[in-house]
Amino acid sequence: MDWVETLVVVLHVLIAVALVTLVLLQQGKGANAGAAFGGGASQTVFGSEGSSSFLTRATTLLAIVFFVTSFSLAVFAKQRAEVAGEAGIPVVQESPAESDAGQAEGESATEGEDGRGDENKLPELE
């Protein structure tokens, strides 16, 4: 794995953990910030607006970086797939002769009285 790709993967995982943490720290619509941080101390830690503005901005920034790392990992995966295709991995392709043989088998399977071919008939009991 290339060192840049490794760096992006590590950054991606760290940002994912930070996003989960920030979302869990944010208060709900009816929740009070004092309940989450113990009284009026939340006002002094995050400023006069409380924690909502700081946590919202941090979450937005981390979400943008998360999308950028996701996109770059997709580009890395596409490049690896193209390199693997050029490395000589065999690809199964159906030739026209095989498809004609498959159609001939399909036609012979429909022949017969009961819709099955001769090879599918059961022997008659005496």
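Residues numbered from 1 in each chain as written. Predicted model: local features only at pLDDT ≥ 70, side-chain atom pairs only at ≥ 80, totals over all residues. Heavy atoms only, no water.

Chemist: Provide a residue-level description of the overall build of the protein chain, including the pertinent values.
Modeler: Counting its secondary structure elements, the protein chain contains five helices and zero strands. Seen in sequence order, the protein chain has helices and strands lined up from the N terminus as α-α-α-α-α. With 126 residues in all, the protein chain has 15% of them scored as buried. Of the contacts made within the protein chain by residues no fewer than 6 positions apart, 70% connect residues no fewer than 24 positions apart. (Helix = DSSP H or I, 4+ residues; strand = E, 2+ residues; numbered from the N terminus. Buried < 20%, exposed > 50% of the residue type's maximum accessible area, 1.4 Å probe, protein only. Contact = heavy atoms within 4.5 Å.)

Chemist: I'd love a proper account of the nonpolar core, names of residues and values included.
Modeler: Counting residues in each nonpolar core, the largest one holds six residues, listed as Ile15, Leu19, Leu22, Leu55, Ala58 and Leu62. Elements that contribute at least two residues to this core include exactly α1 (3-25) and α4 (51-86). In this structure, isoleucine 15 is in contact with Leu62, Val65 and Phe66, ignoring residues within four places of it in sequence. (Core = buried A, V, L, I, M, F, W, Y, C linked by side-chain atoms within 4.5 Å.)

Chemist: Which residues make up the UniProt feature "transmembrane region" (unreviewed entry) in the protein chain, and what values do they have?
Modeler: UniProt tags residues 54-76 as "transmembrane region" (unreviewed entry). In the segment residues 54-76, helix accounts for 100% and strand for 0%; the C-alpha atoms at its two ends are 33 Å apart. (UniProt positions renumbered as here; feature names shortened; annotations may be inferred.)

Chemist: Let's hear about the pattern of salt bridges: which residues, and what values?
Modeler: Considering all chains together, one arrives at two salt bridges under this definition. The partner of lysine 78 in a salt bridge is glutamate 82, with the nearest N and O atoms 2.8 Å apart. Taken together, the residues lysine 78 and glutamate 82, both in helix α4 and four residues apart, mark about one turn of the helix. Owing to a relative accessible area of 53%, lysine 78 belongs among the exposed residues under this scheme. (Salt bridge = Lys/Arg side-chain N within 4 Å of Asp/Glu carboxyl O.)

Chemist: Give a description of the side chain of threonine 69 that names residues and reports values.
Modeler: You can see threonine 69 is positioned in helix α4. Threonine 69 gets classed as buried once you look at its relative accessible area, which sits at 5%. In this structure threonine 69 touches Val8, Leu11 and His12, once residues within four positions along its chain are discounted.

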